[in-house]
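This is what each chain is made of:
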Amino acid sequence: MAVITEINDLKRIYERRVPRMFYDYTESGSWTEQTFRENTSDFDQLRLRQRVAVDMTGRSTAGKMIGQDVTMPVALAPVGLTGMQHADGEIKAAKAAEEFGVPFTLSTMSICSIEAVAEKTTKPFWFQLYTMKDEDFVRRLIERAKAAKCSALVITLDLQILGQRHKDLKNGLSAPPKLTAKTIANLATKWTWGLQMLGTKNRGFGNIVGHVDGISDAADLGAWTAEQFDPALDWGKIAKIKEMWGGKVILKGILDAEDAKMALKVGADAIIVSNHGGRQLDGAMSSIKMLPSILDAVGDQIEVHLDSGIRSGQDVLKALAMGASGTYIGRAFVYGLGAMGQAGVTRALEVIHKELDVSMALCGKRVISELDQDVLLVPKDFSGDWR
């Protein structure tokens, strides 16, 4: 077995083992992919201050996210089609997160259903909601998440209209995949993946198939999904969904201080500074660069989490030191999942945890609550002088 020392080790194995269309689905952004690239490269502009002669015994990365104890302030982000990266992918990722002590967020567009994941886990997970035009479907989806005892609802706000991802269009991405000559040729080289998929019944969108009238095959499902994202979503609808849920609500997709203030007004428990991993509005700022202005706008009145661009424990440290109270990994855990299944997700978490722990110690900090901008060297023009 390969020695895994960093997330990129998992990425290389992942690329070899998973069909190209699903690798491209993960490893792509919209349009020119500028925002996708800058989500990661902007972290590189931040430097860490090395401190010495500080007692580092008894250190801990433990913290809380929306009141939930976590081994480290890192949640698994909602990622669609995770069950096509590895058979029963959502179940395996959820079990790895549960065992490690961090939150798992199930996507509306998951392959394994809410019920399938709940059946195989023992602790509550979070459920991510895309708002659809079919209000009855949304209501039933929320009721299903309640019945599964999901402990938080993560409402994604930045996908009212689907951003264009060139690779997905060129690959003919769907679930199940469209079997063109090109995809058949590639699938033939991924026999381990194929055998795994043959061994599971979870190969469609489990939260949708069987829960919407008139959907009998992949073509029906694709057409319904493409038309269902709600362009009329506004703060009034968000408030109604929050009331319908009745529990903790996290709003994902905040990238502007004014929107952060509105999230505060509707009573969200937390917001996620995110640009959908660079998959929606290309040309938008990276999440880490927008974090300071959003924190200035809402202060400590609401938990502010950060998503998009995190590939290491040092990225986690930088986000927390900048003021975030929690972070999310998407691609980083998917690399592990595609590479090695549940064990790969665990390994991704172990890598990030070790990087966070060691880097925090070398910055002279023993516990998460001590992290602040004192550990960072931030360029004077980091957030830019934009008009």
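Refer to the structure presented above.
Every chain is numbered independently, its residues counted from 1 as its sequence is written. Thresholds applied to this predicted model are a pLDDT of at least 70 for local features of residues and 80 or more for the giving and counting of side-chain atom pairs; totals over whole chains, interfaces and linings are not thresholded and use all residues. Only hydrogens and water are set aside when side-chain values are computed; all heavy atoms of the structure are taken into account.

Participant: Looking at this structure, I do not really get the environment of Pro231. What am I missing?
Facilitator: Counting from the N terminus, the helices are the DSSP runs of H or I reaching at least four residues and the strands are the DSSP runs of E reaching at least two. Its place among the elements puts Pro231 in the loop between helix H11 (218–228) and helix H12 (235–245). Each C-alpha atom of the pair Pro231 and Leu162 lies 9.8 Å from the other, and the pair is 69 residues apart in sequence. Contacts: residue pairs with any heavy atoms within 4.5 Å of one another. In this view, Pro231 contacts Lys133 and Gln160; residues no more than four positions away in its chain are not counted.

Participant: So what exactly am I meant to see when it comes to helix H3 (residues 34–41) here?
Facilitator: Side chains of residues three or four places apart in an α-helix project in the same direction, reflecting 3.6 residues per turn. Burial here depends on accessible area, computed with a 1.4 Å probe over protein chains only, as a share of the maximum for the residue type. Under 20% is buried, over 50% is exposed, and the range in between is partly exposed. Considered for burial, the residues of H3 that qualify are Thr35, Phe36 and Asn39. Relative to the axis of H3, the buried residues are bounded by an arc of 110° and lie together on one face. Next to the buried residues of H3 lie helix H14 (287–298) and helix H16 (331–340). When we speak of the arc, we mean the arc of directions from the helix axis to the C-beta atoms.

Participant: I would appreciate a short explanation of the packing of helix H13 (residues 257–265) against H14 in the present structure.
Facilitator: Relative orientation and spacing of two packed helices are given, respectively, by the angle between their axes and the distance between those axes. Axis definition: a line fitted to C-alpha atoms, over the contacting stretch in the case of helices. Angles run 0 to 180 degrees between N-to-C directions. The geometry of H13 relative to H14 is characterised by a closest axis approach of 8 Å and an angle of 40° between their N-to-C directions. Judged on the interaxial angle alone, H14 and H13 are oblique. Like other packed secondary-structure pairs, H13 and H14 cross with a definite hand, here right-handed. Contacts between H13 and H14 involve Ala257, Ala260, Lys261 and Leu264 from the former and Ser293, Ile294, Ala297 and Val298 from the latter. When the residues that make up the contact of H13 with H14 are grouped by side-chain class, the tally is six nonpolar, one polar and one charged. Angle categories are assigned with fixed cut-offs, so that under 35 degrees is roughly parallel, over 145 is roughly antiparallel, 65 to 115 is roughly perpendicular, and the rest are oblique. The handedness criterion is simple: a crossing whose near helix is rotated anticlockwise from the far helix by less than a right angle is left-handed, and one whose near helix is rotated clockwise is right-handed. Here the term charged refers only to Asp, Glu, Lys and Arg, the term nonpolar to Ala, Val, Leu, Ile, Met, Phe, Trp, Tyr, Cys and Pro, and the term polar to all other amino acids, Gly among them.

Participant: Please explain the nonpolar core as it appears in this structure.
Facilitator: A general tendency of soluble globular proteins is for nonpolar side chains to be buried together. Only buried residues count toward a nonpolar core. Its members are Ala, Val, Leu, Ile, Met, Phe, Trp, Tyr and Cys residues joined through side-chain atoms within 4.5 Å. Judged by nonpolar contacts, the single largest core of 111 residues is most densely connected at Leu76 and Leu251. Considering every element that reaches this core, the biggest residue donor is helix H17 (residues 342–362), with seven residues. With residues up to four places along the chain from it excluded, the contact list for Leu251 reads Ile155, Leu157, Trp235, Ile238, Ala263, Val266, Ala268, Ala270, Ile271 and Ile272. If you look at the next biggest cluster of nonpolar residues, it comprises 12 residues, including Ala77, Trp126, Ile250 and Ala270.

Participant: I keep staring at the pattern of salt bridges and nothing clicks. Help me out?
Facilitator: Charged atoms that come close allow side chains of opposite charge to pair. Salt bridge, as used here, is a side-chain nitrogen of Lys or Arg placed within 4 Å of a carboxyl oxygen of Asp or Glu. One pass over the full model with this rule turns up 19 salt bridges. In this structure, the salt-bridge partner of Asp374 is Arg49, at a minimum N-O distance of 2.8 Å. You can see Asp374 sitting in the loop between H17 and strand S12 (376–377) and its partner Arg49 sitting in the loop between strand S1 (47–48) and strand S2 (63–65), a full 325 residues away along the chain. We classify Arg49 as partly exposed; its relative accessible area is 29%.

Participant: When you look at the packing of aromatic side chains in this model, what are you seeing that I'm missing?
Facilitator: Within a pair of aromatic rings, the relevant descriptors are the distance that separates the centres and the angle that separates the planes. Two aromatic rings, drawn from Phe, Tyr or Trp (for Trp, its six-membered ring), form a pair once their centres lie within 6.5 Å of each other, and the interplanar angle then sorts them: stacked below 30 degrees, edge-to-face above 60, tilted otherwise. Inspection of the entire model under this criterion finds six aromatic pairs. Plain terms: the ring middles of Tyr14 and Tyr23 are 5.4 Å apart, the flat faces sit at 40° to each other, and that makes the pair tilted. Under the relative-accessibility criterion, Tyr23 is labelled buried at 7%. Seen from their ring centres, Tyr130 and Phe229 are 5.4 Å apart, and the 85° between their planes marks the pair as edge-to-face. Of this pair, Tyr130 sits in strand S6 (residues 126–130) while Phe229 is found in the loop between H11 and H12, placing the two residues 99 residues apart along the sequence. Aromatic rings pair up to connect Tyr14, Tyr23 and Tyr335 into one cluster. Across the ring face of Tyr25, the terminal group of Arg279 is positioned such that the distance to the ring centre comes to 4.5 Å. By the criterion adopted, a ring carries a charge over it if an Arg CZ or a Lys NZ lies within 6 Å of its centre and within 35 degrees of its normal. Sitting above the plane of the Phe382 ring, Lys289 keeps its charged end 5.5 Å from the centroid.

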